Structure formats: C-alpha cells, structure tokens
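Reading the structure
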Amino acid sequence: MIKTRFAPSPTGLIHLGNVRTALFNALLAQAQQGVFLLRIEDTDQERSAEQYVWQLMEDLRWLGANWQEGPAQERDNAPYYQSQRGEIYARYYDQLSAQGQVYPCFCSQQELAVSRKLQRAAGQAPRYAGTCAHLSVEEIAQKRAKGLQPALRFRVPRGATIEFTDLVRGTQRYATDDIGDFIIRRADDTPAFFFCNAVDDALMGVTHVLRGEDHLTNTPRQLLILQALGLPKPHYGHISLIVGADNSPLSKRHGSRSLKELREEGWLPEGIVNYLARLGHTYGQDDFLTFAQLAAQFDLQRLGKASAKFDEQQLKHWQQQAVLQADPERLWQWMDAATHALVPPEAKTAFINTVHPNLVFPQDALLWATILCTENWAYTPEAAAEIHNAGAAFFAHALVALQDSQTDWQTMAHCLKISSGKKGKNLFMPLRAALTGMTHGPEMSQVLPLLGLETARARLQKAQAA
Ligand code: GLU
C-alpha cells in the first residue's frame, strides 16, 4: 500500500504553492487507495507556531485533502510533531556515531563563511572544507572544555555516485565528491531538516514523496542518511514550482494569497482544487471534476517537468465552475450577511435560482440583491444610454404590455414587440436597462416575476421619465 505525506513547517499561512504539494500527495494516495499522512516539521521552535498548525489543518480539511494519519488522526507512528520526536532522533544519531559516520564540527559561522568565500574565489563550488573531519579525541575534548558546542556532521563517502529515479524527472545522478559533509544536528542540538525529514519518512512508512523541486538537491543527502542507517528509502518526485507571469517563483507580487485569504474572499475549495490539480498535472478533460474524480485520474505519468505558470484567470474560471456546481443552500451560506439582510425570506429561493449563473463571488450576490430587492442602485452609463435611445414612448408601450402580461416575460415581450414595432436587442436591452439598471445579468424571465408587478411598473415609469 502506498503512503504519501505532506510535511509542512508551520511558520506561516499556507499559500497556493504548498497547497498544491499537499493536494498532489492527497490525490496520489487516494488514487491508489493508500494513506495520506500529515507531519508537522516544527524543529524551528522560534518560527513555528501552533496557530499555523491549526490553520493549515483547517485549510486541508476545507479543500477536502483529508489525512488518514497525523495530528488528530494518531496511529502507531505518533507523535507527528517533529518537536516531540527528539528521543527517536537521538537513537539514530547514536547509531551513526557508533558507525563512525558522523563527527562533531566546531567551526563557527564566520569561519564557514570565510571558507566559502575562498572556495568561490578559487572558482570552486562552496562546500564544507572538512576542517573538523579528522579531529583527534584530545582535540575534541579540548574544544569542549573551552565550552564550544559542536554541530554534528555527516561524513559523505568520497568517490561514489548516488543515483535515483525521480518520479517526475527520471534518472538523477550526483557525485558524492560534489557534496560536502553536511550538518545533521545543529550546535544548539536541534535536528537539521535533511536528517529528521528523511528519518521520519522511513519510520512512518512513507513510500512516495512529492515535493517542490527546490528540494531536489537535498535528496542525495537524504538517501545517504537512510543508506547509512539501513532505513527504507521512499520514492521521491520533485514537482516544478509554481511561477508567476515573469517566471519567478509565485509570491504575493503575482497575486498569490494564503488559503485563508482566498477562503475569506469567497473562493470555493472545489474551484481551487480543480485549478491546482491541473497545474503541473494534465487531465484528459477540461470538465469540472469532484475531488474523488480528480483522485481517480491522478497519475504520476501525467506530472509535468515544465514550470507551472500561475494564471488568476484560470483560477477564476474554475471558481465560476465551482459556483455553478454548488447547491442553492450552500450558495446562500456562502453569500454575505448583507445579502441575507436584503433578500426577503419568501424570495430567497427565487433569488438564488435567478442570480446563480451570474455569480462568481459573494459580492456579486450582494450586487444583485441590491438591484433586485432594493431601489438603492443607479443606471450604469450603458443602461442610461439604452433607456435614452429607446425613448419615453417605448416605455409607455412597455407599461401597457406589463399590465397585460402580469410579469410573464414572454407575454410582455410579445405584446411590446407588436405595440412598439421593436425586436431583438432593441426590444430587450432597454427593458433590461430599465428594470435592472444594467445591460447584462440574469434571465429576464426570472427577474421580472421576482421584481413583481408593482416594482416593475415603478421602474418602467422611472425610465419613461428619464
Ligand atoms: N518541511 C519541509 C518544507 O516545508 C518539507 C519538505 C519535504 O516535503 O520534504 O519545505
């Protein structure tokens, strides 16, 4: 059985980029009836906050990316917070020490910076120069006696090649000579990312890791650690990062918002999921799909290597599709309190049905509630022009037609066509403009009965006098 995971560091609100990583892992697990695990990588105690953990759990649930193992879904592999796994890591540090595969490193940040600078100046790729790689037991004791706290470095074997098949990018090869000995425990005793991330994946039984391509070069290091510890290695797949129109990684500048912000703006989770699932993964069809359908068709073969460009228009397209799919009661809940206050209870169902195809965001509902249920609106310039062009005589005929039709739109249009001699756009546009103040909007056959005879008459009279 496959097991995928999302392993966020709770140092801020999650954005579309990390949401997509979570989503791909959730879809892959569901596609193969596997398990999707959530692990909280909170080793950076300074920057991590519990509030971000709650928030991201709420975000994942909201999207429908539910995890079967992790916080609030405790299984045998608990705890799922890295900050609570110190004892577990200690055992594996001990094992590596016993195997002679790690050594204490006393180099200060300044010393390391100088060394990197010299290497760069000599045209070499900067990597650890090995200063502490061969300290004697006495030297180590002396440094400790001075009160120096060492970091723990992993001894990378020389002259070897690490090869792995990336699920997205195919065969990857790295010469270990290009990888400097790296820190797996910091001088302050906190575990480094390379280490606990790899160890936890192995201990938690994770079989497939989909993550951002910014982690690709971490993978050979992580494979070395797992190899040294004799732990199982997951399959890694590095998905391309989401970029903005200028090809730089997606950021606030490109309109990227946190999921929390998007939710508060009225974006629906199904739209976001339909959009993100297609960003770097191709689906055979462009139809709106449910989470289960997206999962059923999720396929590692369909993950693309090309960077995925964020397109707000596409996101909006899927939002529109999601709104169209939503049932009336859900839409009502999604609308603002201000909209609820404007629509009389007896008109609720008719209102929702009438405006449904014209909604993309909750404020569209507020606009239509204002137009259809209040007199607190003005003609748009286009609507004013239509009314002006039609002239007062047209609206005099319209008032008669309204009376005869009793708000049945087909009848009214038919009567008015005969009496005014107008047809098509010249007939419908001035009526729409007079009755709604707009030149586009919901079906007039639904708008007219919703307005009712009195209101429609008053609005036609107003247009007549305009
Ligand atoms: N905590 C890491 C991050 O948020 C996880 C990386 C990974 O998925 O392996 O970048």
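The following refers to the structure shown.

About the cut-offs
- Along each chain, the written sequence defines residue order, and numbers are assigned to residues from 1.
- In keeping with the model being predicted, local features are shown solely for residues with a pLDDT of at least 70 and side-chain atom pairs are shown and tallied solely at 80 or more, while totals for entire chains, interfaces and linings include all residues.
- Values reported for side chains reflect all heavy atoms of the structure, with hydrogen atoms and water molecules removed beforehand.
- Only protein chains enter the calculation, and the probe is 1.4 Å; a residue is then buried if its accessible area is under 20% of its type maximum, exposed if over 50%, and partly exposed in between.
- Runs of E in the DSSP output that reach at least two residues are strands. Runs of H or I that reach at least four are helices, and both are numbered from the N terminus.
- Call a crossover right-handed when, viewed with both strands pointing away from you, the route from the first strand across the helix to the second goes clockwise.
- Nearness here has a simple test: a residue counts as near a molecule or strand if at least one of its heavy atoms is within 4 Å of that partner.
- In protein, a polar contact means a hydrogen-donor-capable atom and an acceptor-capable atom, both N or O and within 3.5 Å, with residues adjacent in sequence counting only if both atoms are side-chain atoms; elsewhere, any N or O pair within 3.5 Å suffices.
- Computed with the Shrake-Rupley method and a 1.4 Å probe, the accessible areas treat only the protein chains shown as cover for residues.
- Of the grid points, spaced at 1 Å and generated over the protein atoms alone, those admitting a 1.4 Å probe that cannot get out make up cavities, while open sets with protein on both sides within 12 Å along at least five of seven lines make up pockets; any residue with an atom within 4 Å of a point is treated as lining.
- Cavity and pocket membership follows a simple rule, namely that a molecule belongs there if more than half of its atoms are within 2 Å of the grid points.
- Aromatic contacts are taken between Phe, Tyr and Trp rings whose centres are within 6.5 Å, Trp giving its six-membered ring; a plane angle under 30 degrees counts as stacked, one over 60 as edge-to-face, and the others as tilted.
- Here, a charge over a ring means that NZ of Lys or CZ of Arg falls within 6 Å of the ring centre while also lying within 35 degrees of the ring normal.
- Two strands pair if DSSP finds at least two bridges between them.
- Axes here refer to lines fitted to C-alpha atoms; in helices the fit is confined to the stretch in contact. Angles between the N-to-C directions go from 0 to 180 degrees.
- Throughout, the term roughly parallel applies to angles under 35 degrees, roughly antiparallel to angles over 145, roughly perpendicular to angles from 65 to 115, and oblique to all others.
- Left-handed is the label given to a crossing in which the near helix is rotated counterclockwise from the far helix by less than a right angle, and right-handed is the label when the rotation is clockwise.
- Here, two residues are considered to be in contact whenever any of their heavy atoms come within 4.5 Å of each other.
- In this tally, Asp and Glu contribute negative charge and Lys and Arg positive charge; neither His nor the terminal groups of the chain are included.
- Take a side-chain nitrogen of Lys or Arg and a carboxyl oxygen of Asp or Glu: if they are within 4 Å of each other, that pair is a salt bridge.
- Grid points are joined across faces, edges and corners, and a volume is the space filled by probe spheres set on the points.
- For this classification, Asp, Glu, Lys and Arg are treated as charged, while Ala, Val, Leu, Ile, Met, Phe, Trp, Tyr, Cys and Pro are nonpolar and the rest, including Gly, are polar.
- Here, a disulfide means two cysteine sulfur atoms that sit within 2.5 Å of each other.

Here we come to the pairing of strand β9 (residues 235-239). Remark: a regular strand shows side chains that alternate across the two faces of the sheet. Among the five residues in β9, four count as buried, and that is most of the element. Between the parallel elements strand β8 (residues 208-212) and β9, the chain passes through helix α7 (residues 219-229) in a crossover that is right-handed.

Our next topic: the site of the ligand. Lining the immediate environment of the ligand, one finds Arg-5, Ala-7, Ser-9, Glu-41, Phe-193, Asn-197, Arg-211 and His-215. One of the side-chain N or O atoms of Asn-197 is found 3.1 Å from an oxygen atom in the ligand. Between the ligand and Arg-211 there is a distance of 2.8 Å, counted from an oxygen atom to a side-chain nitrogen or oxygen. Relative to its free-state accessible area of 300 Å², the ligand is covered by the protein chains to the extent of 79%. In a pocket analysis with a 2 Å cut-off to the grid points, the ligand is assigned to the largest pocket.

Let us look at the packing of aromatic side chains. Tallying each qualifying case throughout the model produces twelve aromatic pairs. Between Tyr-89 and Phe-195, the ring centres sit 6.2 Å apart and the planes meet at 75°, which makes this aromatic pair edge-to-face. Of this pair, Tyr-89 sits in helix α3 (residues 86-98) while Phe-195 sits in helix α6 (residues 193-203); the two residues are 106 residues apart in sequence, bridging distant segments of the chain. Ring geometry for Phe-182 versus Phe-194: centroids 5.3 Å apart, planes at 65°, classification edge-to-face. Placement of the pair is Phe-182 in strand β7 (residues 182-185) and Phe-194 in helix α6, with a sequence separation of twelve residues. Residues Phe-182 and Phe-194 agree in their burial class; the two are buried. Here the aromatic residues Phe-154, Phe-182, Phe-193 and Phe-194 are joined through ring pairs into a cluster of three or more. The side chain of Arg-263 reaches across the aromatic face of Trp-62, ending 5.0 Å from its centre.

Pairing is antiparallel in the open sheet, where three strands are placed in the order β3-β4-β7. Of all strands in the sheet, those with a lone pairing partner are β3 (102-105) and β7, marking the two edges. Direction aside, the axes of adjacent strands within the sheet are offset by 45° on average.

Below, the discussion takes up the packing of α6 against α7. The contact between α6 and α7 brings their axes to 9 Å, and the two run at 55°. As summarised for this structure, α6 and α7 are arranged oblique, according to the angle between their axes. Between α6 and α7 lies a crossing of right-handed hand. Contacts between α6 and α7 involve Phe-193, Phe-194, Phe-195, Asn-197, Ala-198, Val-199 and Ala-202 from the first element and Arg-221, Gln-222, Ile-225, Leu-226 and Leu-229 from the second.

Below, the discussion takes up the side chain of Arg-278. For Arg-278, the position within the fold is in the loop between α9 (269-277) and α10 (291-296). Asp-286 provides the closest opposite charge to the buried, unpaired Arg-278, separated from it by 4.9 Å. Apart from residues lying up to four places away in sequence, Arg-278 is in contact with Tyr-283, Gln-285, Asp-286, Asp-287, Leu-289, Leu-294 and Trp-318.

Our focus in this paragraph is the pattern of salt bridges. Counted under the stated rule, the structure contains 21 salt bridges. Close ionic contact of Asp-59 with Arg-263 constitutes a salt bridge, the shortest N to O distance being 3.1 Å. Of this pair, Asp-59 sits in helix α2 (residues 50-63) while Arg-263 sits in helix α8 (residues 259-264), and the two are 204 residues apart along the sequence. You'll find Asp-59 and Arg-263 in the same group, each marked buried. Taken together, the salt bridges that share partners define one network made up of Arg-5, Arg-39, Glu-41, Arg-85, Asp-200 and Asp-201.

This paragraph deals with the layout of surface pockets. Empty space among the atoms can be located by rolling a probe the size of a water molecule over them. Its boundaries defined by the atoms lining it, the largest pocket holds a volume of some 640 Å³. Around the largest pocket sit 30 residues that line it, and Gly-17, Asn-18, Thr-21, Asp-214 and His-215 are the ones nearest its centre. Only β1 (3-6), α1 (16-31), α6 and β8 provide two or more residues apiece to the lining of the largest pocket. With five residues, the top contributor of residues to the lining of the largest pocket is α1. Each residue belonging to the lining of the largest pocket can be placed in one class, and the counts come to twelve nonpolar, 13 polar and five charged. Approximately 380 Å³ is the volume attributed to the second largest pocket. Around the second largest pocket sit 18 residues that line it, and Arg-116, Tyr-128, Arg-153, Asp-181 and Phe-182 are the ones nearest its centre. Secondary-structure elements contributing two or more residues to the lining of the second largest pocket are α4 (109-121) and β7. Of the residues that constitute the lining of the second largest pocket, the class distribution is eight nonpolar, three polar and seven charged.

It is worth spelling out the state of the cysteines at this point. Here the structure, examined in full by the defined rule, presents zero disulfides. Cys-196 takes part in no disulfide bond, and the closest cysteine sulfur to it belongs to Cys-105, at a distance of 18 Å. A relative accessible area of 1% places Cys-196 in the buried class.

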